[in-house]
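Now for the letters of each chain:
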Amino acid sequence: MKITIIQSCLVPPAESTFKGFMSLTESDQITTLTHVPTIYFYRPSKNWITPPQTIFRTLHDSLSKVLVHFYPLAGRLRWLDGARLELDCNAKGVHLVEAYSDTVLDDLGDFTPSPKFHHLFPHINYSSPIEDIPLMTAQLTKFQCGGITLSYCISHAVADGKSALHFISEWARLARGEPLGSPPVLDRTLLRAGEPALPQAQPRFKHPQFEQPPLLLNQSNTENERKKETSNAMLKMSKYHVEFLKKEANSIVEDIGRRAYTRYEVIAGHIWRCACKARRHAHDQPTGLGICIDVRNRLRPPLPEKFFGNAIIDVAAVSQSGELVKRPLSFACNKIREAINTVTSEYVHSAIDYLKNLKDLSYLQDIHAMKSNEGPFYGNPNIGVISWIGLPLYGVDFGWGKEMFMAPGTHDGDGDSVVLPGYDGDGSLVVAICLQVECMDDFKKFFYQDIHN
């Protein structure tokens, strides 16, 4: 796919905003520090509010206006001692690109993320000093057929998925000529940002999620697994598929009167088991499943719904591959539920204390796009399953109607997976997953075979 860059610019807030340094929370400074890509596809229509020739100007002006309220996104990061980070609210701006493709949207097939999508996202130069890298980039690409794509990448150091989607929805409102709907809550001290580490404030719980994840048996490091080529897939699950798995997982639960397993617990358990099979693990191979949990409503008092930042915590379910495969789906679901149930308000504060008392955070930071072979590796024999099931992903209208399709951008990390709601709101789900090439075909086979059997 040939892409021609028409223009690019930095978009600062339209009005003067706070200038100075903003402390980040501990959650902001660990795990993924690179940008999380998302893309929306729009077919041409005669009913667009925004004329095609003014789309880029409309995006530019509305972005400038919305950044007045979401001004941290217009700033930059800077390193502190101990691999810690701070946000410099300097209003340098967001990188906005306009591009043209001589192809048509139908040439993209079923829109499964692939390397050919890379050109639909603005390039981010991770070899630059972190102080020079924009925290958000966006690219409008116009196609020969009149269709367009709008992609954006937001640094995970400043926003989780819920915060990013809040920003996108407000940007879209302003682009349509409507007023701001809900301003963000930018006070990160609500999650104890900037508080000093206190020796007496020791963690009250164990936090295995901050330790080395399981390694493949007979391997002392992850070097070989990191080198292996990966591929991506978007696997659709009908409402029937989802209900079939839920019924299977809950057939035992209902007998003993426990709360039925949720869609996430069931689908994550299914993914975990299929990955163990596809990777052909030994029976006694330890394996972990990473779970990302929104803590806004788990804290006491709860955080404001529009808190802008990373109000998330990772936990891990751990088992042996042989046990997961041999025992029923409910066994995997129960492991996942046990990990989720550990996350109380006290547990979150204990995790914050744990991180505040670390002298160096680098071993917990996933900066593989900035430095090679550094930071944690959550691939084989492990997997991560992120839920976007309850997020408002669809219906993002910038003045040219509802998108025809949206997708997370290409991820090249082995074991990364995201569960999305089906596009038609019919109870279906989509699993976007990245695995080593040598495992992907078998994973697809087991993924559907286990449902139909």
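Reading guide: rules and limits
Counting restarts for each chain, with residues numbered from 1 along the sequence as it is written. Selection of residues for local features in this predicted model requires a pLDDT of at least 70, selection of side-chain atom pairs for listing and counting requires 80 or more, and totals for whole chains, interfaces and linings are taken over all residues. Each side-chain value is derived from all of the structure's non-hydrogen atoms; neither hydrogens nor water enter the calculation. By disulfide we mean two sulfur atoms from cysteines, separated by a distance within 2.5 Å. Here's how the labels work: a residue is buried when its accessible area is under 20% of the maximum for its type, exposed when over 50%, partly exposed in between, all with a 1.4 Å probe on protein chains only. Only C-alpha atoms enter the line fits that serve as axes; for helices the fit covers just the stretch in contact. Angles between N-to-C directions range over 0 to 180 degrees. Helix numbers and strand numbers start at the N terminus; a helix is a DSSP run of H or I with at least 4 residues, a strand a run of E with at least 2. We call two directions roughly parallel when the angle between them is under 35 degrees, roughly antiparallel when it is over 145, roughly perpendicular when it lies between 65 and 115, and oblique otherwise. Crossing handedness is defined as follows: a turn of the near helix away from the far one that is anticlockwise and smaller than a right angle gives a left-handed crossing, while the clockwise case is right-handed. We call two residues in contact when some of their heavy atoms are within 4.5 Å. Each residue is assigned to one class: nonpolar for Ala, Val, Leu, Ile, Met, Phe, Trp, Tyr, Cys and Pro, charged for Asp, Glu, Lys and Arg, and polar for all the others, Gly among them. Counting of polar contacts relies on pairs of N or O atoms within 3.5 Å, with two restrictions inside protein: one atom must be capable of donating a hydrogen and the other of accepting it, and residues adjacent in sequence are counted only when both atoms are side-chain atoms. Two strands are said to pair when DSSP picks up at least two bridges between them. Nonpolar cores are built from buried Ala, Val, Leu, Ile, Met, Phe, Trp, Tyr and Cys residues. Side-chain atoms within 4.5 Å join them into one set.

Caption draft 1: Inspection of the state of the cysteines at higher detail. Counted according to the given criterion, the structure contains zero disulfides. In this structure C434 is a free cysteine whose sulfur lies 11 Å from that of C439, the closest cysteine sulfur available. With a relative accessible area of 0%, C434 lands in the buried category.

Caption draft 2: Summary view of the packing of helix α1 (residues 55-66) against helix α2 (residues 161-175). At a minimum axis distance of 9 Å, the contact between α1 and α2 shows a crossing angle of 120°. Considering their axes alone, α1 and α2 lie oblique with respect to each other. The crossing of α1 and α2 is right-handed. For the pair α1 and α2, contact is made by T58, L59, S62, L63, K65 and V66 and by F167, E170, W171, L174 and A175, respectively. Looking at side-chain class alone, the contact of α1 with α2 contains seven nonpolar, two polar and two charged residues.

Caption draft 3: Highlighting the side chain of D414. Its place among the elements puts D414 in the loop between β15 (405-408) and β16 (416-421). On the basis of relative accessibility, which here comes to 6%, the residue D414 falls in the buried class. Looking at D414, its side chain comes within polar contact range of the side chain of R279, at 3.4 Å. Side-chain polar atoms of D414 contact the backbone nitrogen of N380, separated by 2.8 Å. Once residues lying within four places of it in the same chain are set aside, the contact partners of D414 are T230, R279, F377, Y378, G379, N380, C434, L435 and Q436.

Caption draft 4: Quick peek at the sheet that holds strand β4 (residues 35-42). Pairing is mixed across the open sheet formed by six strands, whose spatial order is β1-β7-β8-β9-β4-β15. Two strands bound the open sheet, and with one partner strand each, they are β1 (3-11) and β15. Strand-to-strand twist of the sheet, defined as the mean angle between neighbouring strand axes without regard to direction, takes the value 15°. Here β4 runs beside strand β9 (residues 148-155); their pairing, made up of eight bridges, is antiparallel. Note on β9: the bridge partner recorded for P37 is C153. Each of β1, β7 (94-101), β8 (136-143) and β9 touches α1; the most contacted strand, β7, lies at about 170° to it.

Caption draft 5: Main features of the nonpolar core. M136, F167, W171 and F398 are the most contacted members of the largest nonpolar core, which totals 73 residues. If one sorts the elements of this core by residue count, α2 sits on top with eight residues. Non-local contacts of F398, meaning those with residues more than four positions away in its chain, are made with Y42, T50, L59, L150, I168, W171, A172, A175 and R176. By size, the runner-up hydrophobic cluster in this structure holds 62 residues, among which are L191, V242, L289 and A317.

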